[in-house]
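Here's the letter readout for the chains.
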Amino acid sequence: MHPATAVVADIVAAITPLDTLEQEHIRQTLSWLAGTDDIFRREPPATPPQHLVSYVVVVDPDAHAVLLGAHRKSGLHLPMGGHVDPGEDPPHAARREAAEELGTEADFTVVGERPLLLTSTRTVGAHPHRDVSLWYVIRGHRNHPVTLDPREFAGGRWWEIDRATIPESDPHIGRFLTKLRTALSA
């Protein structure tokens, strides 16, 4: 196993699963990582057909709210973030994406520097592929304006953490919110 893949495997293995679905996603991801080093997107949108993503969810723990952007390509309300570059480790990708898409330095003081959730999702559209997403949490403040990258997002909106789900979002957003509520109450 290439050292960059081994780093990702260690990150994935350290995640405590929320439920049986996340447990299965972790198992599948560890099996995938053990079988290939071709884990980074080399060519958009889908080469290789399964690759890593670092989501960056902006959370205001005092306001119990998360910031999601109106993603231009997908038409969904999504966390900021993006594909992990070849050889890059996922936490660095989260920092890079926070700088690029939010114009801010990532502050991991809400739940720590490890990803809170791992998901494996088949994308939709002209070039479907599988995104293995590591959900990182960074601190934000609902009352401080945020400028999202206009090439990626047509604005953003704060959503209450206590919602069961968010319409037109990642299919795992409800599970993320459940795990976030648990982490914030610990």
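Residues numbered from 1 in each chain as written. Predicted model: local features only at pLDDT ≥ 70, side-chain atom pairs only at ≥ 80, totals over all residues. Heavy atoms only, no water.

> What should I look at first to understand the overall build of the protein in this one?
The number of helices and strands found in the protein is 4 helices and 7 strands. Along the protein, helices and strands appear, N-terminal first, in the series α-α-β-β-β-β-α-β-β-β-α. Taking 2.2 N^0.38 as the reference for a compact globule, 186 residues should give roughly 16 Å; the C-alpha atoms of the protein span a radius of gyration of 15 Å, in line with that estimate. Structurally, the protein occupies a C-alpha span of about 45 × 35 × 30 Å along its principal axes. Burial status across the protein gives 48% buried among its 186 residues. Put simply, 67% of the contacts in the protein that link residues at least 6 apart link residues at least 24 apart. For the protein, the accessible surface area stands at approximately 9,100 Å², while carbon and sulfur atoms represent 51% of it. In the protein, the 18 positive side-chain charges and the 25 negative ones have mean positions that sit 4 Å from each other. (Helix = DSSP H or I, 4+ residues; strand = E, 2+ residues; numbered from the N terminus. Rg over C-alpha atoms; globule rule 2.2 N^0.38 Å. Buried < 20%, exposed > 50% of the residue type's maximum accessible area, 1.4 Å probe, protein only. Contact = heavy atoms within 4.5 Å. Areas by Shrake-Rupley, 256 points an atom, 1.4 Å probe, with all protein chains shown as cover. Lys, Arg positive; Asp, Glu negative; His and termini not counted. Charge placed at Lys NZ, Arg CZ, Asp CG, Glu CD.)

> Even after reading the chapter, I still don't get the UniProt feature "domain: Nudix hydrolase" (unreviewed entry) in the protein, so can you show me in this structure?
When the UniProt feature table is mapped onto this chain, "domain: Nudix hydrolase" (unreviewed entry) is found at residues 49-182. Across residues 49-182, the secondary structure splits into 17% helix and 36% strand, with the terminal C-alpha atoms separated by 33 Å. (UniProt positions renumbered as here; feature names shortened; annotations may be inferred.)

> I tried to follow the pattern of salt bridges on my own but got confused; where do I start?
Pairing between side chains becomes possible if they bear opposite charge and their charged atoms approach one another. Across all of its chains, the model carries 11 salt bridges by this definition. Between D85 and R96 there is a salt bridge, with the nearest N and O atoms lying 3.6 Å from each other. Of this pair, D85 sits in the loop between β4 (80-83) and α3 (90-102) while R96 sits in helix α3; the two residues are 11 residues apart in sequence, bridging distant segments of the chain. For the salt bridge of E160 with R142, the shortest nitrogen-to-oxygen distance reads 2.7 Å. With E160 in strand β7 (residues 153-160) and R142 in the loop between β6 (130-139) and β7, this pair connects stretches of sequence that are 18 residues apart. Through salt bridges with shared partners, a single network forms among D85, E88, R96, E97 and E100. (Salt bridge = Lys/Arg side-chain N within 4 Å of Asp/Glu carboxyl O.)

> Teacher, can you tell me more about the side chain of H129 here?
Position of H129 relative to the elements: it lies in the loop between β5 (117-122) and β6. A polar contact of 3.1 Å, which involves the side chain of H129, links it to the side chain of D131. Leave out the neighbours within four places in its chain, and H129 touches P45, A46, P49, H51, H83, T121, R122 and T123. (Polar contact = N/O pair within 3.5 Å; in protein donor to acceptor, adjacent residues only side chain to side chain.)

> Explanation requested: α3 in the structure shown.
An α-helix turns once every 3.6 residues. As a result, residues three or four positions apart point the same way. Over its 13 residues, α3 runs 17 Å from end to end, which matches the ideal 18 Å to within 8%, given 1.5 Å per residue. For α3, the full list of buried residues reads P90, P91, A93, A94, R96, E97, A98, E101 and L102. Packed against the buried residues of α3 are α1 (3-13), β1 (50-60), β2 (65-71), β4, β6 and β7. Put simply, D89 is the residue that caps the front of α3, since its side-chain oxygen is 2.8 Å from the backbone nitrogen of H92. A positive phi of about 65° marks G103, the residue just after α3. (Expected span 1.5 Å × (residues − 1).)

> Help me understand the layout of surface pockets, please; the structure alone is not making it clear to me.
The rolling of a water-molecule-sized probe over the atoms marks out the regions of remaining empty space. One number sums up the size of the largest pocket: a volume of about 1,000 Å³. H71, H83, T123, H129 and D131 are, among the 36 residues lining the largest pocket, the residues nearest its centre. Among the elements of the structure, β1, β4, α3, β5 and β6 are those that each provide at least two residues to the lining of the largest pocket. It is α3 that contributes the most residues to the lining of the largest pocket, 4 residues altogether. Among the residues forming the lining of the largest pocket, the class breakdown is 13 nonpolar, 12 polar and 11 charged. Surrounding the second largest pocket, 13 residues form its lining, T104, R139, G140, H141 and V146 being those nearest its centre. By residue class, the composition of the lining of the second largest pocket is 6 nonpolar, 4 polar and 3 charged. (1 Å grid on protein atoms, 1.4 Å probe; cavity = no way out; pocket = protein on both sides within 12 Å on 5 of 7 lines; lining within 4 Å. Points joined across faces, edges and corners; volume = space filled by probe spheres on them. Nonpolar A, V, L, I, M, F, W, Y, C, P; charged D, E, K, R; others polar.)

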